[in-house]
Amino acid sequence: MYRFYWVLMMTALGHNCCRAQEDPLLFRIAKYKDDKTCAISYTFDDGLREHYTLVAPKLKALGFRATFWINGSKINPGAGAIKDTTRMTWAELKEMAKDGNEISNHGWAHKNFGKYNLEELREDIARNDSAIYHHIGIMPSTFCYPNNAKTPEGVRMASEHRVGTRTVQHSVGSKSTPQNLQQWVDTLLRSREWGVTMTHGITYGYDHFRAAAILWEHLERVKALEDQIWVGTFHDIAAYTKERDLLQYDIRTKRGGFVITPRLELDEKLFTEPLTGVIEGKGIRNLKIRQGKKKLKLRVTADKVLFDFNPYGGELSVTGAGLGGR
Ligand SMILES: [Zn+2]
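Cut-off values and rules
- Residues numbered from 1 in each chain as written.
- Predicted model: local features only at pLDDT ≥ 70, side-chain atom pairs only at ≥ 80, totals over all residues.
- Heavy atoms only, no water.
- Buried < 20%, exposed > 50% of the residue type's maximum accessible area, 1.4 Å probe, protein only.
- Helix = DSSP H or I, 4+ residues; strand = E, 2+ residues; numbered from the N terminus.
- Pairing = 2+ DSSP bridges.
- Domains from an automatic or database assignment.
- Contact = heavy atoms within 4.5 Å.
- Buried area = accessible area lost by both parts, 1.4 Å probe.
- Salt bridge = Lys/Arg side-chain N within 4 Å of Asp/Glu carboxyl O.
- Polar contact = N/O pair within 3.5 Å; in protein donor to acceptor, adjacent residues only side chain to side chain.
- 1 Å grid on protein atoms, 1.4 Å probe; cavity = no way out; pocket = protein on both sides within 12 Å on 5 of 7 lines; lining within 4 Å.
- Points joined across faces, edges and corners; volume = space filled by probe spheres on them.
- Nonpolar A, V, L, I, M, F, W, Y, C, P; charged D, E, K, R; others polar.
- Axes fitted to C-alpha atoms, helices over the stretch in contact; angles between N-to-C directions.
- Right-handed = clockwise from strand over helix to strand, strands pointing away.
- Left-handed = near helix turned anticlockwise from the far one by under 90°.
- Phe/Tyr/Trp six-rings, centres within 6.5 Å; stacked < 30°, edge-to-face > 60°.
- Lys NZ or Arg CZ within 6 Å of the ring centre and 35° of its normal.

## Some remarks on the pairing of strand β1 (residues 26–29)
- Covered by surrounding structure in β1 are Phe27 and Ile29 only, the residues Leu26 and Arg28 on the alternate face being uncovered.
- Bridge count between β1 and strand β13 (residues 275–280): four bridges; the pairing is antiparallel. Among the inter-strand pairings, isoleucine 29 is bridged to a residue of β13, identified as glycine 277.

## Let's talk about the environment of lysine 175
- Following the sequence through the fold, lysine 175 ends up in the loop between β8 (170–171) and α6 (178–191).
- Among the residues examined, lysine 175 registers a relative accessible area of 70% and is labelled exposed.
- Lysine 175 sits 34 residues away from phenylalanine 209 along the chain, and the two C-alpha atoms are 7.3 Å apart.

## Focus: the domain arrangement of the protein chain
- Partitioning the protein chain into domains gives domain 1 (6–36 + 249–320) and domain 2 (38–226).
- Spacing between the C-alpha centres of domain 1 and domain 2 amounts to 36 Å.
- With five residues of domain 1 at the contact, the number on the domain 2 side is ten residues.
- With both sides pooled, the region where domain 1 packs onto domain 2 buries about 690 Å², and carbon together with sulfur makes up 54% of that total.
- The largest per-residue losses of area from domain 1 upon contact with domain 2 belong to Tyr32, Lys36 and Leu270, which jointly make up 72% of the total buried on that side.
- Here domain 1 and domain 2 share zero salt bridges between them.
- Here domain 1 is connected to domain 2 by five residue pairs in polar contact (both at pLDDT 80 or more).

## Comments concerning the layout of surface pockets
- Of the volumes computed, that of the largest pocket is approximately 370 Å³.
- Residue lining of the largest pocket: 20 residues in total, with Thr165, Thr167, Val168, Trp194 and Phe234 positioned closest to the centre.
- Of all elements in the fold, only β7 (164–166), α6, β9 (194–198) and α8 (234–246) reach the threshold of two or more residues within the lining of the largest pocket.
- For the lining of the largest pocket, a count of residues per class yields eight nonpolar, eight polar and four charged.

## Notes on the sheet that holds strand β2 (residues 38–41)
- One open sheet holds the four strands; their spatial order is β8-β9-β2-β10, and the pairing between them is parallel. What marks the edges here is a single partner per strand, and that holds for β8 and β10 (229–231).
- For β8 and β9, the ladder comprises two bridges, and the chain directions are parallel. Residue pairing for β9: serine 171 is matched across the bridge by methionine 198.
- On top of the sheet, α6 reaches β2, β8, β9 and β10; it is set at about 135 degrees to β2, its chief contact.

## Thoughts on unusual backbone geometry
- With phi around 60 degrees, aspartate 35 is a residue other than glycine that occupies positive phi space.
- Judged by its relative accessible area of 12%, aspartate 35 falls in the buried class.
- Phi at aspartate 207 takes a positive value of approximately 60 degrees, unusual for a residue other than glycine.
- Within the secondary structure, aspartate 207 is located in the loop between β9 and α7 (212–224).
- Assessed through its relative accessible area of 18%, aspartate 207 is described here as buried.

## Looking at the environment of leucine 48
- Structurally, leucine 48 is set in the loop between β3 (43–45) and α2 (49–62).
- Along the backbone, leucine 48 and proline 146 are 98 residues apart, and their C-alpha atoms lie at a distance of 14 Å.
- Once residues within four sequence positions are removed from consideration, leucine 48 is found in contact with Thr86, Arg87, Met88, His200 and Gly201.

## Here we look at the pairing of strand β5 (residues 102–105)
- The sheet contact formed by strand β4 (residues 67–70) and β5 spans four bridges and is parallel. From the neighbouring strand, tryptophan 69 faces β5, where its bridge partner is serine 104.
- Note on the crossover from β4 through helix α3 (residues 90–98) to β5: the handedness is right-handed.

## Brief notes about the packing of α2 against α3
- At their nearest, the axes of α2 and α3 sit 10 Å apart, and the two run at 35 degrees to each other. When you trace α2 past α3, the crossing you get is left-handed. In this structure, α2 uses Arg49, His51, Tyr52 and Ala56 to contact α3, whose residues at the interface are Glu92, Glu95 and Met96.

## What about the packing of aromatic side chains?
- For the structure shown, the criterion picks out ten aromatic pairs.
- Consider the rings of phenylalanine 143 and tyrosine 145, whose centres lie 5.2 Å apart with planes at 80 degrees: the pair is edge-to-face.
- The exposure class of phenylalanine 143 is buried, given its relative accessible area of 0%.
- Taken together, a centroid distance of 5.4 Å and an interplanar angle of 80 degrees make the contact between tryptophan 230 and tyrosine 240 edge-to-face. One end of the pair, tryptophan 230, is in strand β10; the other, tyrosine 240, is in helix α8, and ten residues separate them in sequence.
- For tryptophan 230, a relative accessible area of 8% corresponds to the buried category.
- Among the aromatic residues, ring-to-ring pairing joins Phe27, Tyr249, Phe307 and Phe309 into one connected group.
- Its end group placed over the ring of tyrosine 32, arginine 244 keeps NZ or CZ at 5.7 Å from the ring centre.

Written as C-alpha coordinates, this is what we have:
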(Lines give C-alpha, C1' and ligand atoms only; values in the text may rest on other atoms or scores of the structure.)
Protein backbone atom coordinates (compact mmCIF):
# COMPACT_ATOMS: atom_id res chain seq x y z
CA MET A 1 0.00 0.00 0.00
CA TYR A 2 2.79 2.38 1.01
CA ARG A 3 4.76 1.68 -2.12
CA PHE A 4 1.67 2.19 -4.23
CA TYR A 5 1.20 5.74 -2.92
CA TRP A 6 4.86 6.52 -3.31
CA VAL A 7 4.77 5.56 -6.97
CA LEU A 8 1.73 7.73 -7.56
CA MET A 9 3.33 10.67 -5.75
CA MET A 10 6.48 10.39 -7.82
CA THR A 11 4.41 10.30 -10.95
CA ALA A 12 2.52 13.38 -9.88
CA LEU A 13 5.75 15.20 -9.02
CA GLY A 14 7.11 14.28 -12.39
CA HIS A 15 4.12 15.93 -13.95
CA ASN A 16 4.46 19.15 -12.03
CA CYS A 17 7.80 19.79 -13.60
CA CYS A 18 6.88 18.70 -17.11
CA ARG A 19 4.84 20.27 -19.83
CA ALA A 20 1.42 18.78 -20.45
CA GLN A 21 2.32 17.49 -23.91
CA GLU A 22 4.97 15.31 -22.32
CA ASP A 23 2.23 13.40 -20.57
CA PRO A 24 3.51 9.82 -20.60
CA LEU A 25 0.04 8.30 -20.95
CA LEU A 26 -0.76 6.93 -24.35
CA PHE A 27 -4.31 6.69 -25.67
CA ARG A 28 -5.34 4.56 -28.63
CA ILE A 29 -8.38 2.75 -30.02
CA ALA A 30 -8.03 -1.04 -29.74
CA LYS A 31 -7.77 -2.79 -33.09
CA TYR A 32 -10.31 -5.32 -31.77
CA LYS A 33 -12.71 -5.39 -28.83
CA ASP A 34 -10.93 -5.77 -25.47
CA ASP A 35 -7.61 -5.08 -27.26
CA LYS A 36 -7.41 -8.65 -28.52
CA THR A 37 -4.78 -9.56 -31.09
CA CYS A 38 -7.03 -10.90 -33.86
CA ALA A 39 -10.65 -11.80 -34.52
CA ILE A 40 -12.66 -14.72 -35.90
CA SER A 41 -16.25 -14.89 -37.15
CA TYR A 42 -17.54 -18.42 -37.63
CA THR A 43 -20.18 -18.43 -40.35
CA PHE A 44 -22.43 -21.29 -41.43
CA ASP A 45 -24.28 -21.26 -44.75
CA ASP A 46 -27.67 -22.43 -46.03
CA GLY A 47 -29.62 -23.09 -42.80
CA LEU A 48 -28.62 -26.74 -42.53
CA ARG A 49 -30.28 -28.68 -39.73
CA GLU A 50 -26.95 -29.78 -38.21
CA HIS A 51 -26.23 -26.13 -37.49
CA TYR A 52 -29.04 -26.38 -34.93
CA THR A 53 -28.56 -29.94 -33.69
CA LEU A 54 -24.73 -30.00 -33.49
CA VAL A 55 -23.15 -26.57 -33.94
CA ALA A 56 -25.40 -24.36 -31.80
CA PRO A 57 -25.08 -26.52 -28.62
CA LYS A 58 -21.30 -26.62 -29.02
CA LEU A 59 -21.11 -22.85 -29.44
CA LYS A 60 -23.34 -22.36 -26.41
CA ALA A 61 -21.16 -24.64 -24.28
CA LEU A 62 -18.07 -22.65 -25.26
CA GLY A 63 -19.75 -19.25 -24.87
CA PHE A 64 -19.23 -18.42 -28.56
CA ARG A 65 -21.69 -16.74 -30.92
CA ALA A 66 -21.68 -17.26 -34.67
CA THR A 67 -23.42 -16.17 -37.85
CA PHE A 68 -25.90 -18.33 -39.74
CA TRP A 69 -26.69 -17.21 -43.29
CA ILE A 70 -30.04 -18.63 -44.32
CA ASN A 71 -32.37 -18.82 -47.33
CA GLY A 72 -35.93 -18.21 -46.17
CA SER A 73 -37.43 -20.27 -49.01
CA LYS A 74 -35.74 -23.40 -47.67
CA ILE A 75 -36.52 -23.01 -43.97
CA ASN A 76 -39.21 -25.34 -42.64
CA PRO A 77 -42.34 -23.53 -41.42
CA GLY A 78 -42.54 -25.60 -38.23
CA ALA A 79 -41.94 -28.95 -36.53
CA GLY A 80 -45.26 -30.20 -37.91
CA ALA A 81 -44.51 -29.02 -41.44
CA ILE A 82 -41.09 -30.31 -42.42
CA LYS A 83 -40.60 -30.03 -46.17
CA ASP A 84 -36.84 -30.65 -46.09
CA THR A 85 -35.32 -32.69 -43.26
CA THR A 86 -31.84 -31.28 -43.96
CA ARG A 87 -32.93 -27.71 -43.06
CA MET A 88 -33.88 -25.96 -39.84
CA THR A 89 -37.25 -24.59 -38.76
CA TRP A 90 -37.97 -20.94 -37.98
CA ALA A 91 -38.49 -21.84 -34.30
CA GLU A 92 -35.04 -23.42 -34.16
CA LEU A 93 -33.48 -20.31 -35.69
CA LYS A 94 -35.30 -18.12 -33.20
CA GLU A 95 -33.89 -20.20 -30.35
CA MET A 96 -30.37 -19.75 -31.75
CA ALA A 97 -30.90 -16.00 -32.06
CA LYS A 98 -31.94 -15.89 -28.38
CA ASP A 99 -28.51 -17.30 -27.54
CA GLY A 100 -26.93 -14.32 -29.30
CA ASN A 101 -26.23 -15.90 -32.67
CA GLU A 102 -26.71 -13.80 -35.78
CA ILE A 103 -29.35 -15.10 -38.20
CA SER A 104 -28.78 -13.29 -41.44
CA ASN A 105 -29.45 -12.97 -45.12
CA HIS A 106 -28.14 -15.38 -47.79
CA GLY A 107 -30.90 -14.52 -50.27
CA TRP A 108 -34.49 -15.84 -50.14
CA ALA A 109 -33.88 -18.40 -52.90
CA HIS A 110 -30.05 -18.61 -53.07
CA LYS A 111 -29.94 -16.69 -56.37
CA ASN A 112 -26.51 -16.48 -57.94
CA PHE A 113 -25.55 -12.82 -58.48
CA GLY A 114 -23.97 -13.68 -61.81
CA LYS A 115 -27.26 -15.01 -63.23
CA TYR A 116 -30.00 -12.55 -62.20
CA ASN A 117 -30.54 -8.87 -62.77
CA LEU A 118 -30.21 -6.36 -59.94
CA GLU A 119 -33.95 -5.79 -59.52
CA GLU A 120 -34.66 -9.51 -59.13
CA LEU A 121 -31.82 -9.78 -56.63
CA ARG A 122 -32.97 -6.73 -54.70
CA GLU A 123 -36.45 -8.21 -54.39
CA ASP A 124 -35.07 -11.60 -53.36
CA ILE A 125 -32.89 -10.04 -50.63
CA ALA A 126 -35.73 -7.84 -49.36
CA ARG A 127 -38.03 -10.84 -49.17
CA ASN A 128 -35.49 -12.70 -47.04
CA ASP A 129 -34.96 -9.66 -44.77
CA SER A 130 -38.72 -9.48 -44.19
CA ALA A 131 -39.05 -13.21 -43.50
CA ILE A 132 -36.16 -13.19 -41.02
CA TYR A 133 -37.53 -10.08 -39.30
CA HIS A 134 -41.02 -11.60 -39.16
CA HIS A 135 -39.88 -14.90 -37.63
CA ILE A 136 -36.85 -13.89 -35.57
CA GLY A 137 -37.64 -10.28 -34.66
CA ILE A 138 -34.26 -8.89 -35.70
CA MET A 139 -33.68 -7.20 -39.07
CA PRO A 140 -30.58 -8.62 -40.78
CA SER A 141 -27.85 -6.04 -41.37
CA THR A 142 -25.27 -8.21 -43.11
CA PHE A 143 -25.36 -10.33 -46.28
CA CYS A 144 -23.64 -13.39 -47.72
CA TYR A 145 -23.51 -13.95 -51.50
CA PRO A 146 -24.99 -17.28 -52.71
CA ASN A 147 -22.17 -19.37 -54.23
CA ASN A 148 -19.90 -16.43 -53.25
CA ALA A 149 -20.80 -15.03 -56.70
CA LYS A 150 -20.41 -11.27 -56.81
CA THR A 151 -20.57 -8.40 -59.29
CA PRO A 152 -19.46 -4.84 -58.42
CA GLU A 153 -23.05 -3.53 -58.84
CA GLY A 154 -24.40 -6.47 -56.84
CA VAL A 155 -21.99 -5.83 -53.98
CA ARG A 156 -22.94 -2.13 -53.95
CA MET A 157 -26.64 -2.99 -53.86
CA ALA A 158 -26.33 -5.72 -51.20
CA SER A 159 -24.20 -3.44 -49.02
CA GLU A 160 -26.82 -0.67 -48.79
CA HIS A 161 -28.00 -0.16 -45.19
CA ARG A 162 -25.82 -2.99 -43.91
CA VAL A 163 -22.75 -3.07 -41.72
CA GLY A 164 -21.01 -5.44 -44.12
CA THR A 165 -21.25 -8.35 -46.55
CA ARG A 166 -19.09 -11.46 -46.73
CA THR A 167 -16.60 -10.86 -49.51
CA VAL A 168 -13.70 -12.97 -48.20
CA GLN A 169 -13.98 -16.33 -46.48
CA HIS A 170 -11.82 -19.21 -45.31
CA SER A 171 -13.38 -22.60 -46.08
CA VAL A 172 -13.59 -24.82 -43.03
CA GLY A 173 -14.90 -28.27 -43.93
CA SER A 174 -13.82 -31.33 -45.91
CA LYS A 175 -10.24 -30.14 -46.40
CA SER A 176 -9.74 -29.06 -42.80
CA THR A 177 -7.26 -30.86 -40.58
CA PRO A 178 -6.21 -30.05 -37.01
CA GLN A 179 -2.87 -28.89 -38.44
CA ASN A 180 -4.13 -26.54 -41.15
CA LEU A 181 -6.72 -25.04 -38.80
CA GLN A 182 -3.99 -24.38 -36.25
CA GLN A 183 -1.81 -22.80 -38.95
CA TRP A 184 -4.68 -20.54 -39.94
CA VAL A 185 -5.12 -19.39 -36.33
CA ASP A 186 -1.36 -18.81 -36.00
CA THR A 187 -1.42 -16.70 -39.17
CA LEU A 188 -4.29 -14.59 -37.84
CA LEU A 189 -2.44 -14.02 -34.57
CA ARG A 190 0.71 -13.02 -36.45
CA SER A 191 -0.98 -10.78 -39.02
CA ARG A 192 -3.58 -9.41 -36.55
CA GLU A 193 -6.31 -10.03 -39.11
CA TRP A 194 -10.03 -10.79 -38.90
CA GLY A 195 -10.71 -14.32 -40.19
CA VAL A 196 -14.16 -15.24 -41.50
CA THR A 197 -14.87 -18.94 -41.90
CA MET A 198 -17.37 -20.58 -44.27
CA THR A 199 -18.84 -23.93 -43.27
CA HIS A 200 -21.69 -25.97 -44.77
CA GLY A 201 -22.20 -29.64 -43.78
CA ILE A 202 -20.88 -31.08 -40.52
CA THR A 203 -21.30 -34.88 -40.71
CA TYR A 204 -22.95 -35.04 -44.16
CA GLY A 205 -23.90 -32.73 -47.00
CA TYR A 206 -21.81 -30.27 -48.96
CA ASP A 207 -18.15 -29.97 -47.91
CA HIS A 208 -18.67 -31.81 -44.61
CA PHE A 209 -15.77 -32.62 -42.29
CA ARG A 210 -13.94 -35.94 -42.39
CA ALA A 211 -14.83 -36.08 -38.71
CA ALA A 212 -16.90 -33.53 -36.78
CA ALA A 213 -14.30 -33.75 -33.99
CA ILE A 214 -11.95 -31.70 -36.21
CA LEU A 215 -14.28 -28.73 -35.82
CA TRP A 216 -14.98 -29.26 -32.12
CA GLU A 217 -11.29 -29.59 -31.25
CA HIS A 218 -10.47 -26.49 -33.26
CA LEU A 219 -13.14 -24.49 -31.41
CA GLU A 220 -11.80 -25.72 -28.07
CA ARG A 221 -8.27 -24.64 -29.01
CA VAL A 222 -9.54 -21.20 -29.96
CA LYS A 223 -11.43 -21.04 -26.67
CA ALA A 224 -8.14 -21.62 -24.85
CA LEU A 225 -6.71 -18.60 -26.73
CA GLU A 226 -9.69 -16.39 -25.99
CA ASP A 227 -7.56 -13.78 -24.23
CA GLN A 228 -5.96 -13.10 -27.64
CA ILE A 229 -8.79 -13.89 -30.06
CA TRP A 230 -12.12 -12.09 -30.31
CA VAL A 231 -14.72 -14.62 -31.46
CA GLY A 232 -17.76 -12.64 -32.55
CA THR A 233 -20.58 -12.60 -35.07
CA PHE A 234 -19.89 -11.25 -38.53
CA HIS A 235 -22.17 -8.32 -37.67
CA ASP A 236 -20.32 -7.33 -34.50
CA ILE A 237 -16.82 -7.51 -35.95
CA ALA A 238 -17.81 -5.85 -39.25
CA ALA A 239 -19.40 -2.98 -37.31
CA TYR A 240 -16.49 -2.64 -34.87
CA THR A 241 -13.81 -2.57 -37.56
CA LYS A 242 -15.65 -0.01 -39.70
CA GLU A 243 -16.31 2.27 -36.71
CA ARG A 244 -12.69 1.89 -35.62
CA ASP A 245 -11.40 2.82 -39.08
CA LEU A 246 -13.62 5.89 -39.43
CA LEU A 247 -13.40 7.22 -35.87
CA GLN A 248 -11.68 10.54 -35.43
CA TYR A 249 -10.79 12.08 -32.11
CA ASP A 250 -8.79 14.82 -30.54
CA ILE A 251 -7.30 15.07 -27.09
CA ARG A 252 -6.80 18.14 -24.93
CA THR A 253 -5.43 18.41 -21.42
CA LYS A 254 -7.50 19.89 -18.64
CA ARG A 255 -7.14 20.32 -14.91
CA GLY A 256 -6.31 16.95 -13.38
CA GLY A 257 -6.42 15.00 -16.62
CA PHE A 258 -7.45 15.18 -20.24
CA VAL A 259 -10.46 15.06 -22.49
CA ILE A 260 -10.86 12.86 -25.55
CA THR A 261 -13.48 13.99 -28.07
CA PRO A 262 -14.53 11.20 -30.45
CA ARG A 263 -16.35 11.87 -33.70
CA LEU A 264 -17.89 9.24 -35.93
CA GLU A 265 -19.94 9.85 -39.05
CA LEU A 266 -21.83 6.62 -39.55
CA ASP A 267 -25.47 5.57 -39.25
CA GLU A 268 -25.69 5.18 -35.49
CA LYS A 269 -28.79 3.01 -35.69
CA LEU A 270 -26.81 0.49 -37.76
CA PHE A 271 -23.29 0.74 -36.35
CA THR A 272 -24.00 0.19 -32.69
CA GLU A 273 -20.85 -1.51 -31.39
CA PRO A 274 -19.07 0.20 -28.50
CA LEU A 275 -15.37 0.75 -29.19
CA THR A 276 -12.59 -0.21 -26.79
CA GLY A 277 -10.23 2.58 -25.73
CA VAL A 278 -6.79 1.79 -24.32
CA ILE A 279 -4.63 3.95 -22.08
CA GLU A 280 -1.09 2.81 -21.44
CA GLY A 281 1.62 4.26 -19.25
CA LYS A 282 2.58 4.92 -15.66
CA GLY A 283 -0.01 6.18 -13.24
CA ILE A 284 -2.97 4.43 -14.82
CA ARG A 285 -4.21 2.71 -11.70
CA ASN A 286 -6.36 5.46 -10.28
CA LEU A 287 -7.94 6.61 -13.49
CA LYS A 288 -11.57 7.57 -13.69
CA ILE A 289 -13.25 7.93 -17.05
CA ARG A 290 -16.64 9.47 -17.66
CA GLN A 291 -18.59 9.93 -20.82
CA GLY A 292 -21.24 12.55 -20.13
CA LYS A 293 -22.73 11.55 -16.78
CA LYS A 294 -21.79 7.91 -17.17
CA LYS A 295 -18.84 6.52 -15.26
CA LEU A 296 -17.20 3.94 -17.53
CA LYS A 297 -16.22 0.53 -16.28
CA LEU A 298 -12.46 0.04 -16.53
CA ARG A 299 -10.51 -3.18 -16.95
CA VAL A 300 -7.08 -2.62 -15.49
CA THR A 301 -4.17 -4.91 -16.34
CA ALA A 302 -0.49 -4.57 -15.38
CA ASP A 303 0.30 -1.97 -18.03
CA LYS A 304 -2.95 -0.72 -19.51
CA VAL A 305 -6.54 0.29 -18.85
CA LEU A 306 -9.29 -0.82 -21.21
CA PHE A 307 -12.74 0.73 -21.42
CA ASP A 308 -15.68 0.53 -23.79
CA PHE A 309 -17.21 3.79 -24.93
CA ASN A 310 -19.96 5.01 -27.21
CA PRO A 311 -18.29 6.50 -30.29
CA TYR A 312 -21.28 8.88 -30.75
CA GLY A 313 -21.52 9.69 -27.04
CA GLY A 314 -19.32 12.82 -26.92
CA GLU A 315 -16.46 13.82 -24.66
CA LEU A 316 -14.58 11.31 -22.53
CA SER A 317 -13.19 12.91 -19.41
CA VAL A 318 -10.11 11.14 -17.99
CA THR A 319 -8.99 12.06 -14.49
CA GLY A 320 -6.97 10.42 -11.76
CA ALA A 321 -3.88 10.50 -9.60
CA GLY A 322 -0.69 10.75 -11.54
CA LEU A 323 -2.20 12.82 -14.30
CA GLY A 324 -0.96 16.32 -15.06
CA GLY A 325 -2.77 19.58 -14.55
CA ARG A 326 -2.03 22.54 -12.36
ZN1 LIG B 1 -25.15 -21.01 -49.88
